[in-house]
Structure formats: structure tokens, C-alpha cells
Amino acid sequence: MIIVTGAAGFIGSCMVAKLNAMGHEDIIMVDDFTKEAKRRNWEGKRYVDKIYRNDFFLWLQQHAKEVDYIIHLGARTDTTELDYDIFEELNVEYTRKMWYYASQYGIPLIYASSAATYGAGELGYVDDNLLSYRLLPLNPYGRSKNEVDKWVQKQTKTPPYWYAFKFFNVYGPNEYHKGRMSSVILHTYQQIQETGSMKLFRSHRPDFEDGRQLRDFVYVKDVVRVLYWFMNHHPQSGIYNLGTGRARSFWDLATATFHAMGLDANIEFIDMPADIRERYQYFTEARMKKMRSVGYKRTFYSLEDGVKSYVKHYLIKDTTF
């Protein structure tokens, strides 16, 4: 059996869809399934059972010998949340406990880290395991992910294979429930429908023009394709970046969304909210040499092609992956 945590969420539900597409139905989905806003993400998926996240470890104690793989994508991902105790419980302690059981029972483990661990990028974006000890995340969410990355490297007892993926700016279907934390593509699509225009954040740094802040935007279909490849090829365990390796501006992203809708771009600017201004990443770009060096050769969607796929096949049709 394959465990997928966060299975009702954005990336987790897309991972279940990928597994289903590859013929896997022996899946245990783990999440908080009381949240009706996420129901569309698990309806129609093929799986063995749904387990509430607070009951999962008791279930695992009883069924660990039946588990072939754990893909741990469940987490609190709100980058504006300032209460670190929330992240300590849901991100740090939960992942450590997952590691403990995976190690004890010899189960390969994938877990989600984040590009938020890189902070403002002072030390670059190279996925050197040891760099984790020097990074300065800008918010409690990034700190929680980095604390796990540091902790796992100190463990002498490990799963037979383990991979931590530093997800960069992931976008795509099944994120409709994320509200403020959903991608700029979804916000752009919704604003265009409501007003015919899109509002982007002004820059509050002189070295970046308004809307020209740069991020490494990666389509969720590429993300789950990478995870599935690692599941089946067993390269060297460790921490890996997961982005495209090419930073693009929010202006490019919004413009691509307009074009995918058959419209000319109509972009305005607003001030960045004060609560995120001091913790905002102006530039991220994954260094992908490490992943390429272990054998992953497939190309990633370009920004324009990924946005076009997302808009035409999911947003316009109001469907999920």
C-alpha cells in the first residue's frame, strides 16, 4: 500500500491522481476530511481507505508491515501565520513521527520541504544538505520546514530511501480551496472574471520594478511526475530542489493567464500588505543540478505552457485533476 498524507489538499490530491493514472489503487489517503471545501479533491479518486490525520499513527502501528511507501505532503502551509507553535505541531513533530515509523518498519519516505527555507536567498538556492544549518527563513512556516531538514540529517536510523523536496512556487489544479495562499494564476483568473483586470503587488525594493519580482513557478503535474520517478528509481537519499530552474516575474505569470483566456493583459498595482512585506521573497530560482545528476532527465513545462494547461483544462472547465 502507498500512504499519501495531505491527500485532500492541493499537491497531495494531485499525487493521488498521478498514482491512479499509473494504475495504483492500493492507496491510503490521510487528511482532515471534515473540511468540505476540499471534498472535490478526493471525490472520484480510487483508494483503499481514508484515515483522519489524528488517527493515522495508531492505524500505522497496526498496518505498517503492509505499507510499501509513504508520501508525506500534509502540512500547514500558511506563510502569513506567525504562531510557530502551530507549525511545530503540524509540520515538525508530525514529520518527525512519520520518520520514526518509516525508519522502524523500513518504509521508503518522501516528505515535503519548501523553498521558503532559503529565506531571502542570501546563500543562494543550492540543495546542499549541509546548507540547511546556515539558512535564515523569513517566516515561521519556512523555519518549521528547515528545522525538519536539519533534524533528519542528524538521524542515524533512517528509512531505506528518503527524499525531502524543496517545492518552489507550485501552481495548478486542486488549489481552489487555499484562499489567500493559492497561486497568482488562480487569483488572476478570478479577478479577470470579476473586474477584467489583475492587481499585482508593487515592489518595495528599488532593485525590482513593480510586478517584476521573480519566482520559480513549477506546474503541479511536473511535481507529481518527479515524485513518482523518485519512488520508482531509488536515487541517492537526500534533500532536493523541485522547481524549473528558471525564475519568471509575476508580470509574466499574469500576462500568460490573460493570454490563456484569450485576452490582452490589463494589470494594475497595489501596495503589498504590511503583514508580509518584511518576509517577502523577491527572487527564487531552484538550482536543479543535483536532481539532474541522479538521472531525472525530463523537461519541465514552460510557464506559458503550464498556465495554458491549467487555465484551459481546469479553471475554465471548473474541474479537478
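Going by the structure above, here's the rest.
Parameters and conventions
Residues numbered from 1 in each chain as written. Predicted model: local features only at pLDDT ≥ 70, side-chain atom pairs only at ≥ 80, totals over all residues. Heavy atoms only, no water. Salt bridge = Lys/Arg side-chain N within 4 Å of Asp/Glu carboxyl O. Helix = DSSP H or I, 4+ residues; strand = E, 2+ residues; numbered from the N terminus. Buried < 20%, exposed > 50% of the residue type's maximum accessible area, 1.4 Å probe, protein only. Lys, Arg positive; Asp, Glu negative; His and termini not counted. Contact = heavy atoms within 4.5 Å. Core = buried A, V, L, I, M, F, W, Y, C linked by side-chain atoms within 4.5 Å. Axes fitted to C-alpha atoms, helices over the stretch in contact; angles between N-to-C directions. Parallel < 35°, antiparallel > 145°, perpendicular 65-115°, else oblique. Left-handed = near helix turned anticlockwise from the far one by under 90°.

**What to know about the pattern of salt bridges**
- What the rule picks out here adds up to 16 salt bridges.
- The salt bridge involving glutamate 268 is made with lysine 199; its shortest N-O contact spans 3.6 Å. Of this pair, glutamate 268 sits in strand β13 (residues 267–270) while lysine 199 sits in strand β8 (residues 198–201); the two residues are 69 residues apart in sequence, bridging distant segments of the chain.
- Here lysine 199 falls in the partly exposed class, since its relative accessible area comes to 34%.

**Comments concerning the side chain of lysine 221**
- Residue placement: lysine 221 occurs in helix α7 (residues 220–233).
- Among buried charged residues, lysine 221 stands out as having no salt bridge; its nearest opposite-charge side chain is aspartate 222, 9.8 Å away.
- When residues no more than four places from it in sequence are discounted, the contact partners of lysine 221 are Tyr301, Ser309, Tyr314 and Phe321.

**Some points on the nonpolar core**
- Counting residues in each nonpolar core, the largest one holds 74 residues, and the members touching the most others are Ile71, Phe165, Phe167, Leu227 and Leu242.
- Looking at this core element by element, the count peaks at nine residues for α7.
- Not counting residues within four places of it along the chain, the set of residues in contact with phenylalanine 167 comprises Ile11, Leu73, Ala112, Ser113, Ser114, Ala115, Val223, Leu227 and Leu242.
- If you look at the next biggest cluster of nonpolar residues, it comprises 30 residues, including Ile28, Ile51, Leu60 and Tyr94.

**A closer look at the packing of helix α1 (residues 10–21) against α7**
- Between α1 and α7, the shortest axis-to-axis distance is 9 Å and the interhelical angle comes to 60°. The angle between α1 and α7 places the two elements in the oblique class. In this structure, α1 meets α7 at a crossing whose hand is right-handed. Contacts between α1 and α7 involve Phe10, Ile11, Cys14, Met15, Lys18 and Leu19 from the former and Val220, Val223, Val224, Arg225, Leu227, Tyr228 and Met231 from the latter.

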